[in-house]
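# Residue-level structure breakdown
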Amino acid sequence: MSRKKTILDIQKMKEAGEKITMLTSYDFPFTRVMDDCAIDAILVGDSLGVVIDGYDNTLPVTIEEMIYHTRAVTRARPKALVVADMPFLSFQTDLRDARLNAGRLVKEGGAEAVKLEGGTHIAATIRAIVDMDIPVVGHIGLTPQSIHRMGGYKVQGKREEQARRLMEDALAVQEAGAFALVLEGIPLALARRITDELSIPTIGIGAGPHCDGQVLVIHDILGLCEKYSPKFVKRYADVRGVIADAVTSYIAEVKKGEFPDEGHSFS
Ligand code: KIV
């Protein structure tokens with residue numbers, strides 16, 4: 001039986017050259033399954049706004065929704081480290097809001113770390129949260145909460161000037177005290193440069209194979225997302241097909257009077 005993973009384990013994995021595995025989870029049963037598979041870290045991502053709630057992007061997600069889902073995940077008592085996303089408008093307004101909302105994710109949700117999107121411009125916010133003894137994961141590159149500034153979900157850092165700014169962002173996030181950094185939607189060569197430069201682990205999503213770890217949205221790898229599927233997503237299963245087959249069989253059996261049979265009834 002393995003023991004509870006902490007941020008120290010995640011940091012040591014970079015030193016040891018062992019890849020870090022992270023997936024999103026938003027509820028109790030998914031957390032139980034992936035924890036039994038020995039995932040290293042679970043991200044309660046604000047991607048839940050898209051894959052669970054059906055919004056077009058992550059901007060409408062509230063801190064209350066994040067706390068609700070984080071609590072469902074931590075109730076499964078996973079061995080994996082649990083990181084909760086800070087949603088749009090929960091940390092950008094001022095340091096007090098940022099501290100309070102990070103604290104709520106830990107106190108009410110049971111998160112062991114929080115994740116914030118942004119680089120140099122939120123370094124002071126990261127520092128303020130770290131100073132409360134709440135571990136922080138940074139997130140730079142294609143940051144979904146910046147969809148309107150980016151003009152869509154576009155790969156970032158392709159031009160040298162953009163790449164230089166992303167390197168500055170990565171260093172600022174590390175300097176501010178983050179213990180890990182998500183790199184999303186950036187060219188693999190840039191992700192490699194950032195990973196080599198930083199002492200904290202990088203966790204990539206659409207950032208190629210050279211990051212210290214990888215994260216994906218669980219609904220994407222299970223084939224549960226009907227909407228847009230980015231190039232970097234690998235579908236490991238067709239769970240939508242499995243669900244559709246089960247529901248179709250149930251409907252057919254009820255219509256024909258085959259279910260429930262005696263074996264599924266009380267005498
Ligand atoms: O919200 C999320 O799930 C994320 C990951 C995809 C990195 O931020």
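Presented here is an overview of the structure given in this document. Fair warning: this is a prediction, and the values are worked out from it, not measured in the lab.

The next thing to look at is the overall build of the protein. A tally of helices and strands in the protein yields 11 helices and eight strands. Computed over C-alpha atoms, the radius of gyration of the protein comes to 20 Å, within 12% of the 18 Å expected from 2.2 N^0.38 for 267 residues, which places it in the range of a compact globule. In the protein, of all internal contacts separated by at least 6 residues, the share reaching a separation of at least 24 is 58%. Looking at the protein as shown, the accessible area adds up to about 13800 Å², and 56% of this sits on carbon and sulfur atoms. Considering the protein, the positive charge centre built from 32 side chains and the negative charge centre built from 37 side chains are found 3 Å apart.

Further remarks concern the sheet that holds strand β3 (residues 81-85). Pairing is parallel around the closed barrel formed by eight strands, whose spatial order is β1-β2-β3-β4-β5-β6-β7-β8. For this sheet, the mean inter-axis angle between neighbouring strands, taken without regard to orientation, is 25 degrees. As judged from the two bridges shared by strand β7 (residues 202-205) and strand β8 (residues 213-216), these two strands associate in the parallel manner. Bridge pairing links G204 to Q214 in β8. Strand contacts of helix α4 (residues 63-74): β2 (41-44) and β3, with the helix running at about 155 degrees to β2, the strand carrying the most contacts.

Another point: the packing of helix α8 (residues 160-175) against helix α9 (residues 188-197). In the contact formed by α8 and α9, the axes pass within 10 Å of each other and the chain directions differ by 30 degrees. By the angle between their axes, α8 is roughly parallel relative to α9. Our pair here, α8 against α9, has a crossing hand that is right-handed. Listed contacts from α9 to E160, A163, L166, M167, A170 and L171 of α8 are L190, R193, I194 and E197. Tallied by class, residues from the contact of α8 with α9 come to seven nonpolar, no polar and three charged.

To continue, consider the site of the ligand. By nearness alone, every residue bordering the ligand is listed as T24, L43, G45, D46, S47, D85, K115, H139, I205 and V217. Contact between the ligand and D46: an oxygen atom at 3.0 Å from a side-chain N or O atom of the residue. Taking K115, its side chain carries an N or O atom lying 2.9 Å from an oxygen atom of the ligand. Coverage of the ligand by the protein chains reaches 96% of its 260 Å² of free accessible surface. Put simply, the ligand lies in the largest pocket.

Our focus in this paragraph is a nonpolar patch on the surface. Together, I243, V247, Y250, I251, V254 and F259 make up a nonpolar patch on the protein surface, roughly 520 Å² of accessible area in all. Examined against the element boundaries, V247 turns out to sit in helix α11 (residues 239-256).

Considering all chains together, one arrives at one cavity of 30 Å³ or more under this definition. What lines the largest cavity is simply I10, I20, M22, A41, L81, V137, F179, A180 and I203. Looking at the lining of the largest cavity, its residues break down into nine nonpolar, no polar and no charged.

The rules behind the values
- All chains use their own residue numbering, which begins from 1 and follows the written sequence.
- Two thresholds apply to this predicted model, a pLDDT of at least 70 for residue-level local features and 80 or more for giving and counting side-chain atom pairs, whereas whole-chain, interface and lining totals are computed over all residues.
- By convention in this description, side-chain values take in all heavy atoms of the structure and omit both hydrogens and water.
- Counting from the N terminus, the helices are DSSP H or I runs at least four residues long and the strands are E runs at least two residues long.
- Computation of the radius of gyration draws on C-alpha atoms, with the globule rule given as 2.2 Å multiplied by the number of residues to the power 0.38.
- By definition, residues are in contact when any of their heavy atoms lie within 4.5 Å.
- Working definition of accessibility: Shrake-Rupley area with a 1.4 Å probe, residue cover restricted to the visible protein chains.
- For this count, His and the chain ends are skipped, Lys and Arg are scored as positive, and Asp and Glu as negative.
- In plain terms, the charge of a residue is placed at NZ if it is Lys, CZ if Arg, CG if Asp and CD if Glu.
- When DSSP locates at least two bridges between a pair of strands, those strands are taken to pair.
- Angles run from 0 to 180 degrees between N-to-C directions of axes, and those axes are lines fitted to C-alpha atoms, restricted for helices to the stretch in contact.
- With respect to orientation, any angle under 35 degrees is reported as roughly parallel, any angle over 145 as roughly antiparallel, any angle of 65 to 115 as roughly perpendicular, and every other angle as oblique.
- Note on convention: near helix rotated counterclockwise from far helix by under a right angle means a left-handed crossing. Clockwise means right-handed.
- Asp, Glu, Lys and Arg are counted as charged, while Ala, Val, Leu, Ile, Met, Phe, Trp, Tyr, Cys and Pro are counted as nonpolar; the rest, among them Gly, fall into the polar class.
- One heavy atom suffices: a residue is near a molecule or strand as soon as one of its heavy atoms comes within 4 Å of it.
- Polar contacts, as counted here, are pairs of nitrogen or oxygen atoms within 3.5 Å of one another; within protein the pair requires one atom able to donate a hydrogen and one able to accept it, and residues that are adjacent in sequence qualify only if both atoms are side-chain atoms.
- A 1.4 Å probe that fits into a set of points on a 1 Å grid over the protein atoms alone but cannot get out defines a cavity; an open set with protein on both sides within 12 Å along at least five of seven lines defines a pocket, and lining residues are those with an atom within 4 Å of a point.
- To be counted as sitting in a cavity or pocket, a molecule needs more than half of its atoms within 2 Å of that site's grid points.
- Each patch groups residues whose relative accessible area exceeds 30% and which form no salt bridge, using 9 Å between like charges and 5 Å between nonpolar side chains of Val, Leu, Ile, Met, Phe, Trp and Tyr.
- Note on definitions: salt bridges are taken to be side-chain nitrogens of Lys or Arg within 4 Å of carboxyl oxygens of Asp or Glu.
- Grid points are joined across faces, edges and corners, and a volume is the space filled by probe spheres set on the points.

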